[in-house]
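For reference, the chains in residue letters:
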Amino acid sequence: MRQINILMFFILCLAFLCEGRVLAEALTRDSGADTFFRANKEYSAGQKAIAEKREQEAVEKFEHAVQLYEKLLGSGFVNGQIYYNLGNAYYRLGMSGKAIIYYRRAEKLLPRDADIKANINLLKLDFEDKASIRQLPEILKIVCFWYFFLNLNEITSITIYMYLALMASILSFVFIKVQWLRNIIIIFASCLLVLVISLGIKAYSQHSIERGVVVADESKIRYGPGEEYEPRFEIHEGAEVRIEEKKDRWYKVYVYVDVEDFRDDEDKKEVEFRIGWIPEAEVGEI
Amino acid sequence: MLNLVSTAYAREIKVVISVDKTVVEAGNYFRVTIGVQGAFDTDIPKLTPPENFTLMYGPSVSTQTSIVNNVVAVFRGFTYSFSPTETGKFELGPATLEYKGNVYTSNSVEIEVVKRTPFEGDVDPDAERGKRIDINKRIFVELATDKKEAYIYEQIIESFKLFFQRGLPIDDLDYVAASTKSFLAEKLGEERRYEEVRDGILYNVIELRTALFPLVSGNIEIPPAKFNCNIIIRHQGFSNSIFDEFAGRGGQKYPVERSTDSIKLKIKPLPESDKPDNFAGTVGRFTMDVLAKPTKVKVGDPITLTINIRGEGNIQTIGEPVLAPGDEKDFKIYPAETDTTITDRGDGIKGEKLFSRVVEPQHEDIDMIPAISFSYFDPELERYMTITHNPIPIVVEHSEVEIPIRLSLEDAEKVKGQVKILTKDILPIMSDLYSFKNQGLAVYNRPLFLAFIFLAPILVVIACVYVQRYRELLQTDVGYARKRRALSRAKKQLSNARRLVQLDNPSEFYSTLAKTVMEHIADKLNLAPASITSDNISGILENRGVSHDVIKELKECLESCDYGRFSASQHSKDQMVSTLDTAEEFIMHLEKQL
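Here the structure is a predicted model, which means the values were calculated and not measured.

*Asks:* Any details on the overall build of chain A? Residues and values, ideally.
*Replies:* When helices and strands are counted, chain A shows 10 helices and seven strands. The buried share of chain A, taken over its 286 residues, is 28%. In chain A, of all internal contacts separated by at least 6 residues, the share reaching a separation of at least 24 is 59%.

Structure, rendered in C-alpha cells:
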C-alpha cells in the first residue's frame, strides 16, 4: 500500500511538472504568436508597398519585420516558420546570403516543406558560384524516407514511442508467453535499432558538423588565418561552406562551390584545393 | 456549508453487523464483523451470540480511514469466528455499543445452520451445483442508471457494480460494457472501490460509471453488461467447505460469468414550444463569459472575441453563441476556433468550450460589438434558457492601411497551351498559427526527461520479471512455497494458541502448540506432517545442521506440551505462557538456521 502511495505521489509530481511546463509553453506561444503576427503584417505591408512602387516604405517595412522576427528568436522562441519568413525578409532587403542561412535553419525544423526548398533553389540560380554538393541518390531518399522527412525532434519522439512499445511488449511477454508477442518484440527491436542509428546520424550531422554561408559580396579564401597570407581563391555571397576550425576571428572552411582544378602536385586530392581561411565576419553560421 | 454538513455526517456513529455467509454447516466456521463507523476510540461492542455458537477466535480489530470529497470516514471492525453446533435458524445480534454516554444498537443477521455434508471420495454432482449457488451469493453484478426518464441529449449516469465477498480471490477481470448505440458515452473517472452490506453480508464493490447522452427519443433499452473473471480455488483434503480453502495463490481457476439485467429508459424529445431561434441542441446547465481584446483598434484591425461556455452536460456538442444581427458592413467576421476541455469527470461531465472568433471593424463609426447570446435547454427546470451578454463598447480609429489589392479574373489573359513564366520570385511567407509552437523546446534537449523515459520502463520490466519468477516458483516448487509460508502460518497458529491461554483451555492449548511446532518443522523441511514424530525429530534436525541448543529447546517445548496434554494436574497460565514463549523462540531460531 505504501509503495502504491509513493508511486502515486511520484506520478502526481510528474504530472504537475508536465502541466506547469505545458502552461508555460502555452503562455510563451501566445506572446510569440502575437509578435509573429505583427511581423507578418509588416512583411505583407512591405510586399504591398513594392507592388505599389513605394520602395522606401517597403524597405522600412521589411526592416521592421526583420527586427520583430529577430526579437522573437532572441527571446528563445524557435520555429521553422520564423526562420523561413526571416529568410524571405532578408532576401527582399537584398541579403541573399543571410536568406540562405535562415532557409537552411528552417529546413532543419521543417524538412517536408517544399516552399523552403523552392526558395533555396531559386536563390541559388542567381549566385555567382556554382555549388557542387553531391546529391544523394533518389532511391536512398525513398528507402530511408523517415530520415529525410522527419526533423530531429520528430525522430526522437518516434524513437521514444518505439522504445516504450518495445518495453510494453517485453513486459507483456513476461506474463503471457506467446509466439506472436515474441515476433512483435523482434519487430519493435529492429525498428528501434534503425531509429536509433538514424537519430545518431541526424544528431551528428546537425550538431557536430558546423556549416556556414558567405554573407559578404565577395570573400577571399586565404592560405592561412590572417591578411598576411596570400589569397587562394575568391568566393561570393551565398556560397555554402563547412567550418572545420576557428582561430583568431578566422574560420578554416571547406567550400562546396566548384574550384578550378589547378593541381601543382598530382598526388594532392581535390579536398585540399577546397580548404582555406576566411574572416569570421564574412561567414554566417547556419 | 457543504463541508459542515459532510463533517457532521462523517462523525455520526453507526454500528453494523455483517457475516461472510448466512448459511453455514454445523461444526464449520463463519466470520462475523461488527463495524463501527465514525469513531476509532470506542470500546468493543457487546454481542451476545446464541448459546450453541462456539467462539473460535476474536475479536481481531482492524481500522480503516478513508477520505472522500474532503470528508474523513473512520471505520473500525471487530471480527469474530464462530462455529455453530446445532442446526436451525438463529438470530445473531443486535450488538450494542456505549460511547460517550450514548448507546448505539446494530442490525441483526439471521444465520441458517444446516447439516454437515459428509466427505465422500466420489464426486457428487449435486455438490457441484451447491458450489455454484454459493458462488452466486459471493459474486454478482448490477447495472443501474440515475434516472429512468430523460430528455434527448440529457446526461444520464450509468453505473455498473461488481459485488464480491471480502477475501474472495478473483483474477482476470473482464468487463464487457453494455452496448450504447443510441447514446454518446463518456467514461466517468476511475473505478470506485468501497464496501457495502447486502442482506447482512459485507461485500467489496467495484463501480464503473459512464455518462450517457441519448441521441434519439423514445423507449430505449440498454442491453445487459457482462462480466467475466476467474475464481482461484486451492484444492485440499479434509475441507468442510470448498471456499474455506481459498488461498489465492497457485490454485485452480474457475471461470465465472455474470450478466446484469437490461435497463429500460424513456427518452423524451425536447419541447417545441418556446424554443429560441438560436438554440443549437445544447442540453445541460451552463454559464457564459465573454472577453474582447483589444477594445481600442484601427479600422480593419482584428479584435479577438473569446467566449467561454462552462457547465455540466455534453461539452463536445455545445453550439456556437451568436452575435446579435447588425449591419453586415460593420464587421468582417471570421469563423470561430474552438477548444473543448473536460474539467471534471467525477459526478458527471463538466467542462468548458472556448470559442475564439476574430472580428474586424470596417469603419470608424462603430462603437460597440453587438450582444452575444447563447441558448440551452435545462432538463431540471424543463425549459429553454438564454444567456445574453451585453454589447461590448469599443473604440475604432482611422487607419492608414490601403484597401487590399484585388486581382480580377476578368483582366487575366486566357492563354492556351504552355504557360509562360512572367517573373521569378520567392514564395510567400508562412503564417500558420495552428502549428506555430516553440520548436526549441525539443525532446532531445531534456536530459532528465529522457533519462526517466529510458530508465523507468527498464526498472519496471526487471521488477516484473522478478515478481513473475517468484510467483512461478511458488506455484511450481511445493517445497519452496511451504518453506516461504511456514513462518507466517506458524505465527498465525501461535496467535490462536495465545487466545487459548486467555480462554484457559490447557489441553487444547498444548495440543495446538505441539501441532504448530511439528507442522512448522514439516513445512520448513518439506516433509509430510505424519512422518515427523517426537522420536525422530531430533535426528532429522541434526542431519539438517540445526544446532544442539535449538534441538534442546524443541525437546523442552514438546515435553512441556506432552506433559500438559496427558498429565491430570492443573496447569497455571504462567506455565502455558512460558511454554508458548519457548515455542516462539524455537521457531525464530529455527528460521535463522533453516
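*Asks:* Go over the overall build of chain B, please, and point to the residues and values.
*Replies:* Helix and strand counts for chain B come out as eight helices and 31 strands. Residues classed as buried in chain B amount to 22% of the 594 residues present. Taking the intrachain contacts of chain B between residues at least 6 apart in sequence as the baseline, contacts between residues at least 24 apart amount to 72%.

*Asks:* So what's going on with the UniProt feature "transmembrane region" (unreviewed entry) in chain A? Residues and values would help.
*Replies:* Here the UniProt-annotated "transmembrane region" (unreviewed entry) positions come out as residues 183-201 of chain A. Its end C-alpha atoms 27 Å apart, residues 183-201 of chain A is made of 100% helix and 0% strand.

*Asks:* With reference to specific residues and values, describe the confidence of the model for chain B.
*Replies:* All names here are of chain B. Confidence along chain B averages 80 in pLDDT terms, with 86% of residues attaining 70 or more. Mean pLDDT per element in chain B: helix α1 (residues 2-11) is the minimum at 41, and helix α3 (residues 447-476) is the maximum at 91. Across residues 236-249, confidence stays below pLDDT 50; counting only partners more than four residues off in sequence or on other chains, it has 22 contacts.

*Asks:* Hey, could you go over the packing of helix α5 (residues 506-525) of chain B against helix α7 (residues 548-566) of chain B for me, with residue numbers and the actual values?
*Replies:* Residue and element names in this part refer to chain B. Contact geometry for α5 and α7: axes closest at 8 Å, N-to-C directions at 150 degrees. It follows that α5 is roughly antiparallel to α7 by the angle criterion. Taken as a pair, α5 and α7 cross one another with a handedness that is left-handed. Facing P506, S507, Y510, S511, L513, A514 and V517 of α5, the residues of α7 in contact are L554, C557, L558, C561, G564 and R565. When its residues are assigned to classes, the contact of α5 with α7 shows nine nonpolar, three polar and one charged.

*Asks:* Could you give an account of helix α8 (residues 152-175) of chain A, naming the residues involved and the relevant values?
*Replies:* Given a rise of 1.5 Å per residue, 24 residues ought to cover 34 Å, and the 35 Å separating the end C-alpha atoms of α8 of chain A matches this to within 8%. Looking only at α8 of chain A, the buried set comprises L152, I155, T156, Y163, L166, M167 and I170 of chain A. Turning to α8 of chain A, the residues buried within the fold contact α7 (145-149) and α9 (179-208) of chain A together with α3 of chain B.

*Asks:* Mind laying out unusual backbone geometry, listing which residues take part and the relevant values?
*Replies:* All names here are of chain B. Of note, the amide linkage connecting G93 to P94 takes the cis form, showing an omega dihedral of 0 degrees. Counting through the fold element by element, P94 comes out in the loop between β6 (88-92) and β7 (96-99). The peptide bond linking K293 to P294 adopts the cis configuration, its omega dihedral lying at -10 degrees. Looking at the element boundaries, P294 is found in the loop between β20 (284-293) and β21 (296-298). With a phi close to 55 degrees, N526 is a non-glycine residue in the positive phi region.

*Asks:* How would you sum up the UniProt feature "repeat: TPR" (unreviewed entry) in chain A? Please name residues and give values.
*Replies:* Within this numbering scheme, the UniProt entry marks residues 80-113 of chain A as carrying the feature "repeat: TPR" (unreviewed entry). A distance of 10 Å separates the end C-alpha atoms of residues 80-113 of chain A, which is 79% helix and 0% strand.

*Asks:* Give me the packing of helix α4 (residues 96-109) of chain A against helix α5 (residues 114-126) of chain A: which residues, what numbers.
*Replies:* Residues and elements named next belong to chain A. Between α4 and α5, the least distance of the axes is 10 Å, while the angle of their chain directions is 155 degrees. It follows from the interaxial angle that α4 and α5 lie roughly antiparallel. Note that α4 runs across α5; the crossing there is left-handed. Taking contact as the criterion, the partners of S96, A99, I100, Y103, A106 and E107 in α4 are, on α5, I116, N119, I120, L123 and D126.

*Asks:* So what about the sheet that holds strand β17 (residues 226-233) of chain B? Which residues, and what values?
*Replies:* Residues and elements named next belong to chain B. Here three strands make up an open sheet; going across it, the order is β13-β17-β18 and the pairing antiparallel. Of all the strands in the sheet, just β13 (170-176) and β18 (252-259) have a single pairing partner and so form its edges. With direction set aside, neighbouring strand axes in the sheet form an average angle of 15 degrees. For β17 and β18, the ladder comprises eight bridges, and the chain directions are antiparallel.

*Asks:* Can you tell me about the interface of chain A and chain B, naming the residues and giving the values?
*Replies:* Listed per partner, the contact involves 37 residues of chain A and 26 residues of chain B. Ranked by the residues each element gives to the side of chain A that touches chain B, the list is headed by α8 of chain A, at 12 residues.

*Asks:* Describe the sheet that holds strand β23 (residues 322-323) of chain B, naming the residues involved and giving the relevant values.
*Replies:* If you walk across this open sheet you meet the three strands as β23-β28-β29 (chain B), and the pairing is antiparallel. Of all strands in the sheet, those with a lone pairing partner are β23 and β29 (383-389) of chain B, marking the two edges.

*Asks:* Report on the pairing of strand β14 (residues 183-198) of chain B, specifying residues and quantitative values.
*Replies:* Relative to strand β15 (residues 201-214) of chain B, β14 of chain B runs antiparallel, the two being bridged by 13 bridges. Looking across to β15 of chain B, one finds that A185 of chain B is bridged to L212 of chain B.

*Asks:* Describe in detail helix α8 (residues 573-593) of chain B, supporting the description with residues and values.
*Replies:* Three or four residues apart is the spacing at which side chains of an α-helix point the same way, because the helix has 3.6 residues per turn. All names here are of chain B. Helix length check: α8, at 21 residues, gives a terminal C-alpha distance of 30 Å against a target of 30 Å (1.5 Å per residue), a fit within 8%. Listed as buried for α8 are M576, T579, L580, A583, F586, I587 and L590. Along the axis of α8, the buried positions cluster into a sector of 120 degrees, meaning they face one direction only. Pointing more than 90 degrees away from the buried face of α8 are the exposed residues D574, V577, S578, D581 and K592. If you follow the buried residues of α8, they end up packed against α4 (478-502), α5 and α7.

Calculation rules
Residues numbered from 1 in each chain as written. Chains lettered and ligands numbered in written order. Predicted model: local features only at pLDDT ≥ 70, side-chain atom pairs only at ≥ 80, totals over all residues. Helix = DSSP H or I, 4+ residues; strand = E, 2+ residues; numbered from the N terminus. Buried ≥ 20, exposed ≤ 12 C-beta atoms within 10 Å, placed from the backbone. Contact = placed C-beta atoms within 7 Å. UniProt positions renumbered as here; feature names shortened; annotations may be inferred. pLDDT = per-residue confidence, 0-100. Axes fitted to C-alpha atoms, helices over the stretch in contact; angles between N-to-C directions. Parallel < 35°, antiparallel > 145°, perpendicular 65-115°, else oblique. Left-handed = near helix turned anticlockwise from the far one by under 90°. Nonpolar A, V, L, I, M, F, W, Y, C, P; charged D, E, K, R; others polar. Expected span 1.5 Å × (residues − 1). Pairing = 2+ DSSP bridges. Arc of directions from axis to C-beta.

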